[in-house]
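So you can see what is in the structure, the chains are spelled out below.
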Amino acid sequence: MRLLRAILLRLATSAVTLAGVAVIVFVVIRVVPGDPVSMMLPPGATDDDIARLRAFYGLDRSIPAQFLIWAGGVLQGDFGTSITNRQPVLDLVLGRLPATLELSVLALGLAVLMGGVAALTGTRLRGTRTEAAIDVANGMALSVPDFLWGLVLVLLFGVIFPVFNISGRVTPSLDLPFTTNFYLLESILRLRPDLVADLLSHMILPALALAIPLAAIIGQLLKQSLKETMHLDYVTLARTRGYGENHVILREALPNAILPTLTLVGVQFTFLIGGTVIIERLFSYEGLGNLAIDAVINRDLPLIQGIVILFAVIFTAVNLIVDLACVALNPRLRHG
Amino acid sequence: MSFLVVRGLSARLKGDGARLLRGVGLSVAPGEVRGLVGESGAGKSMIGKAVLGILPQAVEVTGGEILLDGTDLLTLPPGERRRRVGAACALIPQDPLTALNPARRIGPQITGRLVDILGWDRARARTRAEEALAETHLPDPERIMRAYPHQLSGGQRQRCLIASAFVAGPRLIVADEPTTALDVTVQKQILRLIAEMQARHGTALLFVTHDLGVVSKVCQSLTVLYAGMVVEDTGVRSFFRAPAHPYSAALLAATPRYTDPGGSLTPVPEAVLAAVRAEVAARDAAAEGARHG
Ligand SMILES: Nc1ncnc2c1ncn2[C@@H]1O[C@H](COP(=O)(O)OP(=O)(O)OP(=O)(O)O)[C@@H](O)[C@H]1O
Ligand SMILES: [Mg+2]
């Protein structure tokens, strides 16, 4: 009951946040220089042509009036029409969303895996050279941002050892049976290992680029909390009960050490999703991020608005999920 | 025949080589409660930790033996030592608030060892755990088994830890100041409970405390420690009648007797301290000589 109320409250505050985001984005992209209409028309267009096209897209009205029209549409599920693609914004955005979600979730999985293994190995082998090596690797991973990792990975595994694809989402010449845009998920469900392999070969480098900095953060924080937890009395007591190092780390220390890391991963995952904008561009990956850059270059105002709102919704949802996971994993919160 | 025999146990800090234990010897027989007393920092907990194999990483054992049922633990490979200690010994810790894992329910924290280390089947472990909780006079053991530590009071948690210590008929229990973290009224109950459980199971109990009043109540024998050196090893009756060592006598005089709470507190006299420090120095010199000679 308490939980339900907390969720409802969160949803209500999220709605306010989203409205605020919508207003700010709407105003900012109209105030900054650059006009979608003059970019669409050939250089010789008359002022009259420009004015007619502006009126067609409703850009001749005042900003508050434009906002009310747009917001009214949004509330009915109509996000307007893309100026450049002439398609409904919602269709465009939802069409690209699965690609970005699959990439982000794959990156998150890789980050948790790499960071978790680093933290557990470092804890198990604490005081040895392996631990020192893990610390150094963590520091290096942290000091380089994701897009630079992208370039490094392209150079290493795309150019010098060309084992992975560095461009696109899937090889277009393959027979693609997809009915949804969740290509990876669908290939797995259709039991098509050939397609899964092809998709992964395209996704692995961008996913790694996104994952490496997050893995380092997870590795460092989890190892730190594990280190503190390993000195606590209940861990010592478990040792007197005859348990070895592995059990002590995994069963006694980890369930407690994981909580601070989990909260942080939530925040960092939203940064990771933000990182897809540049990474998708770098790897010509047909996702939301790539669409966002095109939209900004073309001053496609309705499309920009739609994408920003969608990103804001995703961020809010991630934060809510993380908070719920923290409650689920922490008995003190679960059983008051 | 004593179940635990410690002989000549020495330990020091790895860093600066400071001596923490200086040739400690003591023994505990089945059914015996041995008090281990001394001022703060004397090394009481260190002895318990050495026996149970949970010394801090910064501390190393430099000599001696720890015989558990005749086998020297210090010569065993680590895994074997851990299993032996896990099967035969248990620790009742000082602070019940930090000695239970906050992320796990009480039940599995008690039964886990029975299943994983002693190889019992789950149903039997469960039944026995509930029985042990009932032995500690906790009402509704089934509910306690399902509870998380934060849902229990300090006294209840200490009872859970005592139940856990006695659950598999241990041969030796180390209790490290098991009541100091508790409320005064709860202290007495817990003390009585430990004595009761120890008598019922005939366990050898090494009882670390700095409270001589507690010693006079629950212990039969007593080891007095100063700076990691055994100063006196005696029976409780003879100790309270006439301590053999001047330091023990001073310690006894310095303790406000529970029978005489208003009694004056005399600190250990400087002369006595100087004498016992000289003893420590002489022992160190002898150990040094033995190493080089
Ligand atoms: N983790 C550690 N690292 C280094 N030295 C330690 C550590 N733990 C204890 N010591 C030192 O070992 C000595 C003995 O400590 P121990 O905990 O056995 O004392 P104690 O007799 O149990 O005292 P108290 O009554 O305060 O619990 C002390 O001088 C202490 O400074
Ligand atoms: Mg102590």
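Throughout, residues of each chain are indexed from 1 in the direction in which the sequence is written. Both sets of labels track the order of writing: A upward for chains, 1 upward for ligands. Reporting of local features is limited, given that this is a predicted model, to residues whose pLDDT is at least 70; pairs of side-chain atoms are given and counted only at 80 or more, and all residues count toward the totals for whole chains, interfaces and linings. With hydrogens and water excluded, all non-hydrogen atoms of the structure serve as input to the side-chain values.

**Some details on the overall build of chain A**
Where helices and strands are cited, they refer to DSSP runs of H or I of at least four residues and of E of at least two residues respectively, numbered from the N terminus. Helices and strands together make up the secondary structure of chain A, namely 14 helices and zero strands. Shown N-terminal to C-terminal, the secondary structure of chain A runs as helices and strands in the order α-α-α-α-α-α-α-α-α-α-α-α-α-α. If one aligns the C-alpha atoms of chain A with their principal axes, the spans along those axes are about 85 × 55 × 40 Å. Sorting the 336 residues of chain A into buried and exposed places 43% on the buried side. Counted over contacts in chain A with a minimum sequence separation of 6, partners at least 24 positions apart contribute 71%. The protein chains shown are the only cover counted for residues, whose accessible areas, like all others here, come from Shrake-Rupley with a 1.4 Å probe. Accessible surface, chain A: about 16,900 Å² in total, of which carbon and sulfur atoms supply 70%. Averaging the locations of the 24 positively and 24 negatively charged side chains of chain A gives two centres separated by 10 Å. Remark: exposure states derive from per-residue accessible area (1.4 Å probe, protein chains only) relative to the maximum for the residue type, with buried under 20%, exposed over 50%, and partly exposed in between. Throughout, a residue-residue contact means that at least one pair of heavy atoms, one from each residue, lies within 4.5 Å. Counting rule applied: Lys, Arg positive; Asp, Glu negative; His and chain ends not counted. By convention, the point assigned to a charge is CZ for Arg, NZ for Lys, CD for Glu and CG for Asp.

**Focus on the overall build of chain B**
In terms of helices and strands, chain B carries 11 helices and 10 strands. Relative to the 2.2 N^0.38 estimate, which gives 19 Å for 293 residues, the radius of gyration of chain B is 20 Å and therefore close to what a compact globule would have. If one aligns the C-alpha atoms of chain B with their principal axes, the spans along those axes are about 60 × 50 × 35 Å. For chain B, buried positions account for 51% of its 293 residues. Put simply, the radius of gyration uses C-alpha atoms, and a globule should come to 2.2 Å times the residue count raised to 0.38.

**As for the sheet that holds strand β10 (residues 229–235) of chain B**
Residue and element names in this part refer to chain B. Across the sheet, six strands lie side by side as β6-β7-β8-β3-β9-β10; this open sheet has mixed pairing. Two strands bound the open sheet, and with one partner strand each, they are β6 (89–92) and β10. Strand-to-strand twist in this sheet, taken as the mean axis angle between neighbours without regard to direction, amounts to 15°. The sheet contact formed by β6 and strand β7 (residues 172–176) spans four bridges and is parallel. Bridge pairing in β7 links Ile92 to Ala175. All axes are obtained by fitting lines to C-alpha atoms, using only the stretch in contact for helices, and the reported angles, taken between N-to-C directions, cover 0 to 180 degrees. Packing against the sheet, helix α6 (residues 154–166) makes contact with β6 and β7, and its axis sits at approximately 170° to β6. Only when DSSP finds a minimum of two bridges between them are two strands counted as paired.

**Quick look at the domain arrangement of chain A**
All names here are of chain A. Note that the domain bounds were set by an automatic or database domain assignment. Domain boundaries in chain A define domain 1 (2–75) and domain 2 (89–335). The straight-line distance from the C-alpha centre of domain 1 to that of domain 2 is 32 Å. On the side of domain 2, 17 residues touch domain 1, which itself brings 20 residues to the contact. With both sides pooled, the region where domain 1 packs onto domain 2 buries about 1,600 Å², and carbon together with sulfur makes up 74% of that total. Once two parts are joined, some of their accessible surface, as seen by a 1.4 Å probe, is lost; buried area is that loss totalled over both.

**Some points on a nonpolar patch on the surface**
Where nonpolar side chains cluster on the molecular surface, the patch consists of Val152, Leu155, Leu156, Val159, Ile160, Phe161, Val163 and Phe164 of chain A and spans about 700 Å² of accessible area. Structurally, Leu155 of chain A can be placed in helix α7 (residues 146–160). Nonpolar side chains (Val, Leu, Ile, Met, Phe, Trp, Tyr) within 5 Å and like charges within 9 Å form the patches, drawn only from residues with over 30% relative accessible area and no salt bridge. Salt bridge criterion: a side-chain nitrogen from Lys or Arg within 4 Å of a carboxyl oxygen from Asp or Glu.

**Considering the interface of chain A and chain B**
Taken together, the contact pairs 21 residues of chain A with 28 residues of chain B. Interface area for chain A against chain B, summed over the two sides, is near 2,200 Å², with a carbon-plus-sulfur share of 54%. On the chain A side of the interface with chain B, the three residues burying the most area are Thr240, Arg241 and Tyr243 of chain A, jointly 28% of the side's total. The interface formed by chain A and chain B contains one salt bridge. Under the rule applied, a polar contact is a pair of N or O atoms within 3.5 Å (in protein, one hydrogen donor and one hydrogen acceptor; residues adjacent in sequence only if both atoms are side-chain atoms). On inspection of chain A and its partner chain B, the count reaches 11 residue pairs in polar contact (both at pLDDT 80 or more). Those elements giving two or more residues to the side of chain A that touches chain B turn out to be α10 (233–240), α11 (245–282) and α14 (331–334) of chain A.

**Points about the site of ligand 1**
Residue and element names in this part refer to chain B. Here a residue is considered near a molecule or strand provided that any single heavy atom belonging to it is located within 4 Å of it. For ligand 1, the set of nearby residues contains 13 residues, the closest of which are Ser40, Gly41, Lys44, Ser45 and Met46. Note that an oxygen atom of ligand 1 is positioned 2.5 Å from one of the side-chain N or O atoms of Ser40. Taking Ala42, its main chain carries an N or O atom lying 3.2 Å from an oxygen atom of ligand 1. Alone, ligand 1 offers 630 Å² of accessible surface; in the complex the protein occludes 64% of this. Polarity classes work like this: nonpolar for Ala, Val, Leu, Ile, Met, Phe, Trp, Tyr, Cys and Pro, charged for Asp, Glu, Lys and Arg, and polar for all others, with Gly in that last group. Of the residues belonging to the shell around ligand 1, the class tally is five nonpolar, five polar and three charged.

**Points about the pairing of strand β9 (residues 221–226) of chain B**
Residues and elements named next belong to chain B. Most of β9 sits out of view: six of its six residues are buried. Residue alternation in β9 divides its side chains into two sets, Ser221, Thr223 and Leu225 and Leu222, Val224 and Tyr226, and both sets are buried. Strand direction decides the pairing type here: strand β3 (residues 33–37) and β9, joined by four bridges, are parallel. Counted as the bridge partner of Val37 is Val224 from β9.

**Here's the deal with the packing of aromatic side chains**
Between two aromatic rings, the relevant description is the distance of the centres plus the angle of the planes. Ring pairs are drawn from Phe, Tyr and Trp, using the six-membered ring of Trp, whenever the two centres fall within 6.5 Å, and their geometry is named by plane angle: stacked under 30 degrees, edge-to-face over 60, tilted for the rest. For the structure on display, the rule yields nine aromatic pairs over all chains. Relative to Phe67 of chain A, the ring of Phe26 of chain A has its centre 5.1 Å away and its plane inclined at 85°; by these criteria the two rings are edge-to-face. Residue Phe26 of chain A is found in helix α1 (residues 2–31), and its partner Phe67 of chain A is found in helix α4 (residues 63–75); the two are separated by 41 residues along the sequence. Of the two residues, Phe26 of chain A and Phe67 of chain A, neither departs from the other in class, the shared state being buried. Consider the rings of Phe239 of chain B and Phe240 of chain B, whose centres lie 5.3 Å apart with planes at 85°: the pair is edge-to-face. With relative accessibility at 0%, the residue Phe239 of chain B sits in the buried group. Distance and angle both matter: a charge sits over a ring if NZ of Lys or CZ of Arg is within 6 Å of the ring centre and within 35 degrees of the ring normal. Between the NZ or CZ atom of Arg30 of chain A and the centre of the ring of Phe26 of chain A, over which it lies, the distance is 3.6 Å. A cation over an aromatic ring shows up here: Arg169 of chain A above the ring of Tyr183 of chain A, its NZ or CZ 4.2 Å from the ring centre.

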